[in-house]
Amino acid sequence: MGFLKPWHIAVLVVVLILLFGAKRLPDTARSLGRSLRILKAETKSLHDDDRDLAEKADAQSGYQPLAPQQQPVAQPQQQPVAPPVDPVQRVRDN
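The text that follows walks through the structure, step by step, so that each part is easy to find. On a predicted model such as this, the values are computed, not experimentally measured, just so you know.

**Examining the overall build of the protein chain**
- On a plain count of helices and strands, the protein chain comes out with 2 helices and 0 strands.
- When the 94 residues of the protein chain are sorted by exposure, 0% land in the buried category.
- When the accessible surface of the protein chain is split by element, carbon and sulfur atoms take 62% of a total near 9900 Å².

In C-alpha cells:
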C-alpha cells in the first residue's frame, strides 16, 4: 500500500535540485509554504462564512410573517352582458 518508497523520495529530491538549483530551492519552498498558508486561511474563512450564513438562516426561520388583515370585499354588481355581435353582420344590418 505504500506508494512512496524511500528511493522515490531520493529521486524526487535529485530532480528538484536539478530543476531549481540548490540556491533557488529554499526560496521556492518558502513561497510554496506561503501559498499553502494563504490557501488554508481562505478556505477556513469561506467555511466560517458558510457557518455564519447557516446560523443566520436558522435564526430567521423562527420568525413568522404577520397574517394580512382581511377586509370585507364588496361583491361587484353583475351587469347584463350583451351577446357578441359580428362586426360584419352589424354593418349589413344597418
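From this point, the narrative continues.
**As for a nonpolar patch on the surface**
- A grouping of Trp-7, Val-11, Leu-12, Val-15, Leu-16, Leu-19 and Phe-20 is seen on the molecular surface, where their side chains present a nonpolar patch of about 670 Å² in accessible area.
- Inspection of the secondary structure assignment puts Phe-20 in helix H1 (residues 6-60).

**Section: a negative patch on the surface**
- Taken together, the side chains of Asp-49, Asp-50, Asp-52 and Glu-55 define an acidic patch exposed on the protein surface.
- In this fold, Asp-50 is placed in helix H1.

**Observations regarding the pattern of salt bridges**
- Inspection of the entire model under this criterion finds 3 salt bridges.
- The closest approach of N and O atoms between Arg-30 and Asp-27, which form a salt bridge, is 2.8 Å. With a gap of 3 residues between them, Arg-30 and Asp-27 both fall in helix H1, about one helical turn apart.
- For Arg-30, a relative accessible area of 44% translates into the label partly exposed.
- With relative accessibility at 45%, the residue Asp-27 sits in the partly exposed group.
- Through salt bridges that share partners, Lys-44, Asp-48 and Arg-51 make up one connected network.

**Notes on the environment of Leu-16**
- Within the secondary structure, Leu-16 sits in helix H1.
- Leu-16 has contacts with Gly-21 and Leu-25, leaving out every residue within four places of it along the chain.

Rules used in this analysis
Residues numbered from 1 in each chain as written. Predicted model: local features only at pLDDT ≥ 70, side-chain atom pairs only at ≥ 80, totals over all residues. Heavy atoms only, no water. Helix = DSSP H or I, 4+ residues; strand = E, 2+ residues; numbered from the N terminus. Buried < 20%, exposed > 50% of the residue type's maximum accessible area, 1.4 Å probe, protein only. Areas by Shrake-Rupley, 256 points an atom, 1.4 Å probe, with all protein chains shown as cover. Patch = residues over 30% accessible without salt bridge, like charges linked within 9 Å, V, L, I, M, F, W, Y side chains within 5 Å. Salt bridge = Lys/Arg side-chain N within 4 Å of Asp/Glu carboxyl O. Lys, Arg positive; Asp, Glu negative; His and termini not counted. Charge placed at Lys NZ, Arg CZ, Asp CG, Glu CD. Contact = heavy atoms within 4.5 Å.

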